[in-house]
Amino acid sequence: MKNLYGYPEMHKIIPVSQSGKWQIQHQTATEEKADFKRRMGAIRGDWTWRGFEAGTYCILTNSNGFAGEIMMSDTWLERITNQDILREARGDVLLAGLGIGLVPAGIISKVNSLTIIELEPDVIKLIELPLRHYLGKQFNKLIIIQADIFRYVPTQKFDIIYFDIWQDLCGDNYAETKTLHKRYRKWLNKDGWMNSWMRDEFRRLNK
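Numbering of residues starts from 1 in each chain and follows the order in which that chain's sequence is written. Side-chain atom pairs in this predicted model are given and counted only at pLDDT of 80 or more, local residue features only at pLDDT of at least 70, and totals for whole chains, interfaces and linings cover all residues. Note: side-chain values were computed over all heavy atoms of the structure, leaving out hydrogens and water.

1. Some thoughts on helix 6 (residues 173-184)
The way it works is that DSSP assigns letters per residue, a run of H or I at least four long becomes a helix, a run of E at least two long becomes a strand, and they are numbered from the N terminus. Multiplying 1.5 Å by the residue count of a helix minus one yields the expected span of that helix. Taking 1.5 Å per residue, 12 residues should reach 16 Å; helix 6 reaches 17 Å between its end C-alpha atoms and fits that length. Any two residues having at least one pair of non-hydrogen atoms within 4.5 Å are treated as being in contact. Where helix 6 is buried, its residues touch strand 5 (92-96), strand 8 (158-163), strand 9 (188-196) and helix 7 (199-206).

Spelled out as structure tokens, the structure:
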């Protein structure tokens, strides 16, 4: 993988593991496979494969009713579509969605505190300890809370609020972003920044 876009290689941080129906896998794409994915994406008009590169990727899957449904990875798509939070991160941050720990690993050095709300306890079991080892003393800035972001009630205001809980591009997700932005606006500091992963794309697909 040539271009990391400011994020670390997560397969070097999060080991292959499993908790309940959640799994961490490492998958390697050869240059031949990466080229095939890019070509097929171009043929289908699917821009999400445009920057896919050869390399080893960390993948979070859920086998609940599916054969290893991919919930998150650290491919080009995830890295490039999380550039805004990497750029804006500062002060006290509220992040919805732990995933494979990509966003926390990328922004932790830029913030004073990072509160992560994660719905799935098994995801926390897979990610928290290896992330702690990687971050070292900076892990002290991080608080992981197992809760539903749609019901969670913060106890403080934040400079940055970012929602990253969706695994695919779907116009139906836009309604959820509107609900979350409305609900959490009162916990955003003056001159703060709030956004959701791929919100503009969800809006476009919702038309």
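2. Section: helix 7
Listed as buried for helix 7 are Arg199, Glu201 and Phe202. Buried positions in helix 7, seen along its axis, are confined to an arc of 160° and lie on one side of it. Looking at the packing, one finds that the buried side of helix 7 touches helix 6 and strand 9. Exposed residues in this analysis have more than 50% of their type's maximum accessible area, buried residues have under 20%, and partly exposed residues fall in between, with area computed by a 1.4 Å probe over protein chains only. Arc definition: it is the arc formed by the directions from the helix axis to the C-beta atoms.

3. Things to note about the pattern of salt bridges
Pairs may arise between side chains of opposite charge once their charged atoms sit close together. Counted as salt bridges are all cases of a side-chain nitrogen of Lys or Arg within 4 Å of a carboxyl oxygen of Asp or Glu. One pass over the structure, following the stated rule, counts nine salt bridges. Salt-bridge contacts for Lys12 lead to Glu9; the nearest nitrogen and oxygen are separated by 2.9 Å. A relative accessible area of 61% means that Lys12 is categorised as exposed. Asp35 serves as the salt-bridge partner of Arg38, at 3.7 Å between the closest nitrogen and oxygen.

4. Focus: the sheet that holds strand 9
Spatially, the five strands line up as an open sheet ordered 7-6-5-8-9, and their pairing is parallel. Each of the sheet's edge strands pairs with one partner strand only, and the pair in question is strand 7 (142-146) and strand 9. Adjacent strand axes in the sheet meet at a mean angle of 15° when their direction is disregarded. Two strands make a pair as long as DSSP finds a minimum of two bridges between them. By the bridge criterion, four bridges tie strand 5 to strand 8 in an arrangement that is parallel. Looking across to strand 8, one finds that Leu95 is bridged to Tyr162. Across the face of the sheet, helix 5 (residues 121-135) comes into contact with strand 6 (113-118) and strand 7 while running at roughly 170° to strand 7. Structural elements are reduced to axes, namely lines fitted to C-alpha atoms, with helices fitted over the stretch in contact, and the angle between N-to-C directions of any two is expressed from 0 to 180 degrees.

5. Quick word on the pairing of strand 6
Most of strand 6 is tucked away: six of the six residues are buried. By the alternation rule, side chains of strand 6 split into Ser113, Thr115 and Ile117 and Leu114, Ile116 and Glu118, which are all buried. Direction of pairing for strand 5 relative to strand 6: parallel, over a ladder of five bridges. Bridge assignment links Leu95 to a residue of strand 6, and that residue is Ile116. The handedness of the strand 5 to strand 6 crossover, carried by helix 4 (residues 102-107), is right-handed. Think of it like this: strands point away, you trace from the first strand over the helix to the second, and a clockwise trace means the crossover is right-handed.

6. Some thoughts on the sheet that holds strand 3 (residues 55-62)
The strand order across the open sheet formed by four strands is 1-2-3-4, and the pairing between neighbours is antiparallel. Every other strand in the sheet has two partners, leaving strand 1 (17-19) and strand 4 (69-73) as the edge strands with one partner each. Averaged over all neighbouring strand pairs, the angle between strand axes comes to 35°, with direction disregarded. Taken together, the three bridges between strand 1 and strand 2 (residues 22-29) define a ladder with antiparallel strand orientation. Directly across from Ser17, in strand 2, lies its bridge partner Ile24. Here helix 5 sits on the sheet in contact with strand 1, strand 2 and strand 3, set at roughly 55° to strand 2.

7. Side note on the nonpolar core
By nonpolar core is meant a set of buried Ala, Val, Leu, Ile, Met, Phe, Trp, Tyr and Cys residues that side-chain atoms within 4.5 Å join together. Membership of the largest hydrophobic core comes to 56 residues, with the highest contact counts inside it found for Leu114, Leu142, Phe163 and Tyr184. With six residues, helix 5 is the single largest residue contributor to this core. The residues contacting Tyr184, other than those within four sequence positions of it, are Leu94, Ile149, Tyr152, Pro154, Ile161, Phe163 and Met194. Counting residues in hydrophobic clusters, the runner-up holds five residues, among them Ala29, Phe52, Tyr57 and Ile59.

Treat this as a map of the structure, not an account of what it does.
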